[in-house]
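Spelled out from the first residue to the last, the chains are:
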Amino acid sequence: AKDLNCVVRVRDAALQGEVAVFLTIFARRRSDFRRLVEFGEKALISLPPDNLIMRARVSFLLGLVEISKLNIREAQSLMTDAYRMAQQAGDSWIGAGGCSYLGYIRFLQGKLSETVEMLRQAIKLAGQSPSASVPQVGLAIVLYELNDLQGVSESSRLAIQLSEFGGQAEARVTAYHCLAL
């Protein structure tokens, strides 16, 4: 509650929202998901509607929590918001992340062709940045399910290459696993 008191004492609502965004991010880094939701909801209430970058970031983080709880409908809504706002604001990192997780949601729903489409869109948004390694490895997994072994190999190799620059260890390990299949 000490962190929340800091937010409450600030009189400017927009500044309250910005402080709540940073507290949301810190809660995520500490894996304190209860506080992440608390601060994230405060941020969305306090941030002005035109602060798309921060609103997108908070929606993305809240969407991750909902995915972990398998609240698919709420996760899809939050990730769609994150993706759309990031696109409007020109934030390709959150845009690609939101698009990737929308693909993951489609995967959970068994919609493999839609998953491939969303992941390819996320890869396009991320470009050659290290953040493209995550949707690349996701694509490799789905292509394996679709028995496209050439596609698995290509996506896995690209994920490995891109992950080397950004420290995406989990993506790299998963990509090597896909190559071993």
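Shown above is the structure to which this text applies.
Residues numbered from 1 in each chain as written. Predicted model: local features only at pLDDT ≥ 70, side-chain atom pairs only at ≥ 80, totals over all residues. Heavy atoms only, no water.

Caption draft 1: Region of the structure containing the nonpolar core. Counting residues in hydrophobic clusters, the biggest one holds 29 residues, and the most contacted among them are Val21 and Phe60. Elements with a minimum of two residues in this core: α2 (13-29), α3 (33-46), α4 (52-68), α5 (72-89), α6 (92-108) and α7 (112-126). Counting residues per element, this core draws most heavily on α4, which supplies nine residues. Not counting the four nearest positions on each side in its chain, Val21 is found in contact with Ala43, Leu47, Met54 and Val58. Counting nine residues, the second-largest nonpolar core is a separate cluster that includes Leu119, Ile123, Ala140 and Val142. (Core = buried A, V, L, I, M, F, W, Y, C linked by side-chain atoms within 4.5 Å. Buried < 20%, exposed > 50% of the residue type's maximum accessible area, 1.4 Å probe, protein only. Helix = DSSP H or I, 4+ residues; strand = E, 2+ residues; numbered from the N terminus. Contact = heavy atoms within 4.5 Å.)

Caption draft 2: The arrangement of α7 in detail. For α7, spanning 15 residues, the distance from its first C-alpha to its last is 21 Å, which sits close to the expected 21 Å at 1.5 Å a residue. Regarding α7, the residues found buried are Thr115, Val116, Met118, Leu119, Ala122, Ile123 and Ala126. Following α7 by one or two positions, Gly127 adopts a phi angle in the positive range, close to 65°. (Expected span 1.5 Å × (residues − 1).)

Caption draft 3: Quick look at the side chain of Ser46. On the secondary structure map, Ser46 appears in helix α3. For Ser46, a relative accessible area of 10% corresponds to the buried category. Setting aside residues no more than four positions away along its own chain, Ser46 makes contact with Ala13, Ala14, Gln16 and Gly17.

Caption draft 4: Looking closely at α6. Under the 1.5 Å per step criterion, the end-to-end length of α6 is 24 Å for 17 residues, consistent within 8% with the ideal 24 Å. Among the residues making up α6, those that are buried are Ile94, Gly95, Ala96, Gly97, Gly98, Cys99, Ser100, Leu102, Gly103, Ile105 and Arg106. Against the buried residues of α6 lie α4, α5, α7 and α8 (133-145). With a side-chain oxygen lying 3.2 Å from the backbone nitrogen of Trp93, the N-terminal cap of α6 falls on Asp91. Just downstream of α6, Gly110 is the residue with a positive phi angle, here 80°. (Polar contact = N/O pair within 3.5 Å; in protein donor to acceptor, adjacent residues only side chain to side chain.)

Caption draft 5: Representation of the packing of α8 against helix α9 (residues 149-166) within the structure. Their axes nearest at 8 Å, the elements α8 and α9 cross at an angle of 160°. Classed by the angle they form, the pair α8 and α9 counts as roughly antiparallel. Between α8 and α9 the crossing geometry is left-handed. Along the contact surface, α8 presents Ser133, Gln136, Val137, Leu139, Ala140, Leu143 and Tyr144, while α9 presents Leu149, Gly151, Val152, Ser155, Ser156, Leu158, Ala159, Leu162 and Ser163. Considering only residue class, the contact of α8 with α9 consists of 10 nonpolar, six polar and no charged. (Axes fitted to C-alpha atoms, helices over the stretch in contact; angles between N-to-C directions. Parallel < 35°, antiparallel > 145°, perpendicular 65-115°, else oblique. Left-handed = near helix turned anticlockwise from the far one by under 90°. Nonpolar A, V, L, I, M, F, W, Y, C, P; charged D, E, K, R; others polar.)

Caption draft 6: View of a nonpolar patch on the surface. On the surface, Leu70, Tyr104 and Leu108 cluster together into a nonpolar patch covering about 290 Å² of accessible area. Topologically, Leu70 is positioned in the loop between α4 and α5. (Patch = residues over 30% accessible without salt bridge, like charges linked within 9 Å, V, L, I, M, F, W, Y side chains within 5 Å. Areas by Shrake-Rupley, 256 points an atom, 1.4 Å probe, with all protein chains shown as cover. Salt bridge = Lys/Arg side-chain N within 4 Å of Asp/Glu carboxyl O.)

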